[in-house]
Amino acid sequence: MSSASHTRSVPRLLWAAVIVGLGLVAAAGVWYGLSRPELTASGASECRLAKPVLDSLKPLAKGEVAAVGVSSTPKPAPAINFTGPDGQPKTLSDFRGKTILVNLWATWCVPCRQEMPALDKLQAELGGKDFEVVAINVDTRNPDKPRAWLQENGVHNLAYYADPTGKVLQTLQKSGHVVGLPATFVVHDSGCELALLKGPAEWASPDALAFMRAALGRS
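In this text, all values refer to a predicted model and were calculated from it rather than measured experimentally.

A. A look at the pairing of strand S4 (residues 99-105). For S4, the buried fraction is high: 7 of the 7 residues fall into the buried class. Every second residue of S4 is oriented toward a common face, with Thr99, Leu101, Asn103 and Trp105 on one face and Ile100, Val102 and Leu104 on the other, all of them buried. Bridge count between S4 and strand S5 (residues 131-137): 7 bridges; the pairing is parallel. In the strand pairing of S5, Leu101 is matched with Val133. Of the pairings in the sheet, the one linking S4 to strand S7 (residues 183-187) comprises 5 bridges and is antiparallel in character. Residue pairing for S7: Ile100 is matched across the bridge by Val187.

B. Main features of the packing of helix H4 (residues 110-126) against helix H7 (residues 206-215). Between H4 and H7, whose axes approach to 11 Å, the crossing angle comes to 50°. When the interaxial angle is binned, H4 and H7 end up oblique. As H4 packs across H7, the resulting crossing turns out to be right-handed. Seen from H4, the contacting residues are Leu122, Glu125 and Leu126; seen from H7, they are Leu209, Met212 and Arg213. Considered class by class, the residues forming the contact of H4 with H7 number 4 nonpolar, no polar and 2 charged.

C. Region of the structure containing the nonpolar core. Trp203 and Met212 are the most contacted members of the largest nonpolar core, which totals 59 residues. If near-sequence neighbours (up to four positions away) are discounted, Met212 is found in contact with Leu101, Leu122, Leu126, Phe131, Val186 and Trp203.

D. Region of interest: the side chain of Ser190. By the secondary structure assignment, Ser190 is in the loop between S7 and strand S8 (192-198). For Ser190, a relative accessible area of 10% corresponds to the buried category. Leaving out residues up to four positions away in the same chain, Ser190 has contacts with Glu46, Ala50 and Arg96.

Cut-off values and rules
- Residues numbered from 1 in each chain as written.
- Predicted model: local features only at pLDDT ≥ 70, side-chain atom pairs only at ≥ 80, totals over all residues.
- Heavy atoms only, no water.
- Buried < 20%, exposed > 50% of the residue type's maximum accessible area, 1.4 Å probe, protein only.
- Helix = DSSP H or I, 4+ residues; strand = E, 2+ residues; numbered from the N terminus.
- Pairing = 2+ DSSP bridges.
- Axes fitted to C-alpha atoms, helices over the stretch in contact; angles between N-to-C directions.
- Parallel < 35°, antiparallel > 145°, perpendicular 65-115°, else oblique.
- Left-handed = near helix turned anticlockwise from the far one by under 90°.
- Contact = heavy atoms within 4.5 Å.
- Nonpolar A, V, L, I, M, F, W, Y, C, P; charged D, E, K, R; others polar.
- Core = buried A, V, L, I, M, F, W, Y, C linked by side-chain atoms within 4.5 Å.

Structure follows, in structure tokens:
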């Protein structure tokens with residue numbers, strides 16, 4: 001082969017390698033998109049089951065819960081790890097089969113402290129085998145302080161969930177669930193997220209009770 005023809009063949013080989021490489025990247029992207037947990041067939045099917053409930057919530061996001069953002073479509077709840085009342089590890093998937101209202105709070109957050117009695121009343125009103133308020137404390141100092149604060153302020157109906165590591169807050173900040181505290185989101189019994197509120201609400205109000213009864217299919 002002449003040097004001229006060899007020179008012309010090099011760019012062709014490089015272009016062929018680039019095309020093959022792009023093909024592999026595209027294939028990998030398709031595989032990743034199909035393999036993500038939230039896009040698996042089973043996950044999509046479970047979230048479709050929550051669609052009728054979600055539709056019933058949209059007209060009820062008003063009054064005291066007007067700031068609640070109802071999802072356009074149900075989506076898998078974020079993966080977070082925290083501890084339960086017994087100090088053992090918990091995840092949101094442990095509540096599968098029960099609708100939950102997940103609330104992040106801290107003793108240093110004034111709006112959080114103000115809404116805790118209402119969350120306690122909501123738990124007393126609707127709590128049971130099919131619903132629970134999962135209020136996760138995110139204080140990272142003095143782990144005894146949050147429990148003491150709840151007792152001192154008459155909050156007795158909420159089970160104590162906590163994440164003293166601060167990882168839950170970091171995870172939900174990255175996912176866009178949290179820009180400040182308090183932050184609250186509703187998870188259907190299928191494990192799919194229905195609604196999100198960035199900020200406080202009067203969770204014991206008639207508006208909130210109607211909203212949550214609809215989330216439970218009780219309306």
